[in-house]
Amino acid sequence: MAFATRSDLLARSNARRLMQLAVPADVQMPPDEALRVAISSGDLSALSNQDQASVTLALSAIDGVLADAAELLVSYRIPATASSPLIARLCSTIALYYLQGAERMTDEVKVAYEGAIATLKSHARGDLNLLPVTVAEAALPEGQVLFSSSPRRYGPTVAAGDW
């Protein structure tokens with residue numbers, strides 16, 4: 001169950017910031033580009049053993065917050081198999097919030113997190129559907145349009161035969 005990848009999180013931030021957030025304070029910071037190379041599955045053999053260990057710790061921290069964010073999305077009724085750019089963005093926003101931690105929290109990250117949670121709550125209530133359209137739903141005969149709405153909001157008021 002991976003709603004977002006390391007690359008998605010890197011796209012929401014930058015390598016330097018992720019490295020500063022993910023590498024423990026008592027560990028030497030590796031070069032900024034090392035995380036970008038590691039995320040793209042590049043070769044880290046040119047780095048010292050200490051830098052490689054730092055990158056490994058950072059990747060472990062990133063994977064942990066991505067897993068925690070994915071669990072949160074599942075708790076808001078997002079199926080583990082769902083995949084879309086919006087879901088990846090919500091997951092990476094939440095993961096970045098988790099990675100930021102209380103002592104390094106910025107208003108920008110906090111507001112983005114609160115917006116993501118509000119969106120997930122709307123989905124869980126049924127006010128908003130975050131799930132991607134399936135192939136069967138998208139396959140309409142040419143020239144036809146499909147309208148759908150929440151039955152609670154726009155329930156049937158006219159019998160189909162009365163049109």
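Above this text you will find the structure in question.
Bear in mind that the values here come from a model prediction, so they are computed numbers and not experimental data.

### Some points on helix α4 (residues 49–75)
- For α4, built from 27 residues, the straight-helix expectation of 39 Å at 1.5 Å per residue is met to within 8% by its first-to-last C-alpha distance of 39 Å.
- Of the positions making up α4, those classed as buried are D51, S54, V55, A58, L59, I62, V65, L66, A69, A70, L72 and L73.
- If you follow the buried residues of α4, they end up packed against α1 (6–12), α2 (15–22), α3 (32–39), α5 (85–100) and α6 (107–125).
- Backbone geometry just after α4 places R77 at a positive phi near 70 degrees.

### Things to note about the environment of T56
- By the element assignment, T56 lies in helix α4.
- Placed 21 residues apart in sequence, T56 and L35 show a C-alpha to C-alpha distance of 9.1 Å.

### Remarks on the pattern of salt bridges
- Evaluated as defined, the whole model comprises four salt bridges.
- With a shortest N-O distance of 2.6 Å, D63 and R6 are connected by a salt bridge. One end of the pair, D63, is in helix α4; the other, R6, is in helix α1, with 57 residues separating them in the sequence.
- Residue R6 is classed as partly exposed on the basis of its relative accessible area, which comes to 26%.
- One salt bridge connects R16 with D32, and the closest N-O pair in it is separated by 2.9 Å. Of this pair, R16 sits in helix α2 while D32 sits in helix α3; the two residues are 16 residues apart in sequence, bridging distant segments of the chain.
- R16 gets classed as partly exposed once you look at its relative accessible area, which sits at 48%.

### Concerning the packing of aromatic side chains
- Taken as a whole, this structure holds three aromatic pairs when the rule is applied.
- Here the aromatic cluster, defined as three or more aromatic residues joined through ring pairs, consists of Y97, Y98 and Y113.

### Observations concerning the nonpolar core
- In this structure, F3, L35, L73, I78, I94, L99 and L120 are the most contacted members of the largest nonpolar core, which totals 41 residues.
- Every residue in contact with I78, bar those within four places of it in the chain, is listed here: F3, L73, I87, L120, H123, L130 and L131.

What counts and how
Residues numbered from 1 in each chain as written. Predicted model: local features only at pLDDT ≥ 70, side-chain atom pairs only at ≥ 80, totals over all residues. Heavy atoms only, no water. Helix = DSSP H or I, 4+ residues; strand = E, 2+ residues; numbered from the N terminus. Expected span 1.5 Å × (residues − 1). Buried < 20%, exposed > 50% of the residue type's maximum accessible area, 1.4 Å probe, protein only. Contact = heavy atoms within 4.5 Å. Salt bridge = Lys/Arg side-chain N within 4 Å of Asp/Glu carboxyl O. Phe/Tyr/Trp six-rings, centres within 6.5 Å; stacked < 30°, edge-to-face > 60°. Core = buried A, V, L, I, M, F, W, Y, C linked by side-chain atoms within 4.5 Å.

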